[in-house]
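The primary structure of each chain is shown beneath.
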Amino acid sequence: MMNSAFGNGTAASAGGYDFCWDPETEGLMRAKADGSEAPQKIAEQADEYGYLYVLCASDQYVYYITAPYASDYPIALRCVSLDGSDRKTVYEPGRALDDTNAYISSACVFDDQLYVLVDMGYANSNAEAATYYVLRMGLDGSDVQTIAQVNDMSYGSIALAPDAVYYSSEGDVYVQPYDAPQPTRIYRSGCDTTSRPVLYCDRLYVWCSGSSGGYLASMNPDGSDAKELYRVASDTWIYDRLVTIVDGKAYFTDNGPENSAAISEAMTLYTVPLKEGATPEQIGTLEPINANPYVVDAGDHLLVIMGAMDTKGAAYGAYNLKYDGSISTVYKAYPY
């Protein structure tokens, strides 16, 4: 759930290894979390002009999407064993749903099954909602079932969970259990936007932002017992805002006052306890500021991917960050 909702599929961790797409070697990179082995490529990208994205992992395989920039090859969900010895295609949405334009937005492993979110069309200026299908299948791609259909107006806000799909749209939060025909609105923020919801320790978290500032909301999965945990004023610009939740703390990035000429070249990384009236604590920095960082919880450390605004999932820099904000291992230095 953490890798899907926060890291946007940019990285995964399993068996003592961290995984991400390395655009320099044009493939899936495996790095030993303790730095004892040099990073190595274990899978190729789709084709000469393709890319990889949406990583997730089981205890045996790393799952990833290969997508070409041209339409000559189908988008496909593939997997490779942790040592790179066994590679195979698991699912191709264009063939299964009879639509060559189908796009895989997310993939997760829950309880030894794959959950896959397939986007069949983007929302547009004519107020037509994008249609998403939630599929459940075996880890090898067998027994594909469509368990939910979501018509969503705000692209990219959907998070999968074992029993339901959660999503945000125009400042509101919705839930649709897989056995329910329609979604239910469970929270109205009053803000312009809300982030992709995150399920953590039986609570749902969402970052709400608007002209008056932003705040972190917490609630039960059905929307009850909603609380505002932490708020920032409108003169503070938090880049990417909430980046992960670990051990009872929310991790944020902040790069200074909005529209200020004194914006730092690095983003401040700080934590906020998951309780009302919490006080933030600065623990480190993420740099450079234009590297579009994603932060994924790997279980005993954070995996930081320094990407680019126009390249989905590309690790132009990658490193192992301890929970206290100190860098443990640099897998790939950012090309300054």
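Residues numbered from 1 in each chain as written. Predicted model: local features only at pLDDT ≥ 70, side-chain atom pairs only at ≥ 80, totals over all residues. Heavy atoms only, no water.

A.B. asks: Provide a residue-level description of the nonpolar core, including the pertinent values.
C.D. replies: Soluble globular proteins tend to bury their nonpolar side chains together. Within the largest apolar cluster, 37 residues are counted, with the highest numbers of intra-cluster contacts made by Phe19, Leu28, Tyr53 and Leu77. When neighbours within four sequence positions are excluded, Tyr53 is seen to be in contact with Gly9, Tyr64, Ile65, Ala67, Ile75, Tyr103, Ile104 and Lys312. With 16 residues, the next largest nonpolar core counts Phe110, Leu117, Leu160 and Tyr174 among its residues. (Core = buried A, V, L, I, M, F, W, Y, C linked by side-chain atoms within 4.5 Å. Buried < 20%, exposed > 50% of the residue type's maximum accessible area, 1.4 Å probe, protein only. Contact = heavy atoms within 4.5 Å.)

A.B. asks: Outline a negative patch on the surface, listing residues and values.
C.D. replies: Judged by side-chain charge, Asp59, Asp111, Asp112, Asp163 and Asp179 come together as a negatively charged surface patch. With respect to the helices, strands and loops of the structure, Asp59 is situated in the loop between strand S5 (50–57) and strand S6 (61–68). By relative accessible area, Asp59 is classed as exposed at 64%. (Patch = residues over 30% accessible without salt bridge, like charges linked within 9 Å, V, L, I, M, F, W, Y side chains within 5 Å. Areas by Shrake-Rupley, 256 points an atom, 1.4 Å probe, with all protein chains shown as cover. Salt bridge = Lys/Arg side-chain N within 4 Å of Asp/Glu carboxyl O. Lys, Arg positive; Asp, Glu negative; His and termini not counted. Charge placed at Lys NZ, Arg CZ, Asp CG, Glu CD. Helix = DSSP H or I, 4+ residues; strand = E, 2+ residues; numbered from the N terminus.)

A.B. asks: Which residues make up the environment of Ala308, and what values do they have?
C.D. replies: Mapped onto the secondary structure, Ala308 falls in the loop between strand S27 (302–306) and strand S28 (317–321). Sequence separation of Ala308 and Asn292 is 16 residues, and the distance between their C-alpha atoms is 5.5 Å. Among residues more than four places away in sequence, those in contact with Ala308 are Ala291, Asn292 and Tyr316.

A.B. asks: Which residues make up the sheet that holds strand S16 (residues 184–188), and what values go with them?
C.D. replies: Here we have four strands laid out as an open sheet, ordered S13-S14-S15-S16, and antiparallel in their pairing. The sheet terminates laterally at strand S13 (158–160) and S16, the two strands that pair on one side only. Averaged over all pairs of adjacent strands, the angle between strand axes in this sheet comes to 20°, irrespective of strand direction. Where strand S14 (residues 164–169) meets strand S15 (residues 172–177), six bridges bridge the pair, whose relative direction is antiparallel. Across the sheet, Ser169 pairs through a bridge with Asp172, a residue of S15. (Pairing = 2+ DSSP bridges. Axes fitted to C-alpha atoms, helices over the stretch in contact; angles between N-to-C directions.)

A.B. asks: Which residues make up the sheet that holds strand S25 (residues 281–286), and what values go with them?
C.D. replies: Overall, antiparallel pairing links the four strands, which are arranged S22-S23-S24-S25 in an open sheet. The strands lining the two open edges of the sheet, one partner per strand, are strand S22 (242–246) and S25. Each strand axis lies, on average, 25° off the axis of its neighbour in the sheet, ignoring direction. In the sheet, strand S23 (residues 249–254) pairs with strand S24 (residues 267–273) via six bridges, with the strands oriented antiparallel.

A.B. asks: Which residues make up the pairing of strand S9 (residues 103–110), and what values do they have?
C.D. replies: Along any regular strand, the residues point their side chains to alternate faces of the sheet. Most of S9 is tucked away: seven of the eight residues are buried. Strand direction decides the pairing type here: S9 and strand S10 (residues 113–119), joined by seven bridges, are antiparallel. Opposite Ile104, over in S10, you have Val118 as the bridge partner. The turn linking S9 back onto S10 is made up of two residues, and Asp111 within it adopts a positive phi angle of 50°.

A.B. asks: Lay out the pattern of salt bridges with the relevant residues and their values.
C.D. replies: Enumeration according to the criterion identifies nine salt bridges in this entry. Put simply, Asp225 and Lys227 hold a salt bridge, and the shortest N to O gap is 4.0 Å. Looking at Asp225, the relative accessible area reads 42%, which means it is partly exposed. Among the residues examined, Lys227 registers a relative accessible area of 33% and is labelled partly exposed. For the salt bridge of Arg231 with Glu228, the shortest nitrogen-to-oxygen distance reads 3.0 Å. Assessed through its relative accessible area of 40%, Arg231 is described here as partly exposed. By relative accessible area, Glu228 is classed as partly exposed at 36%. In the salt-bridge network here, residues are joined through shared partners; they are Asp22, Glu24 and Lys332.

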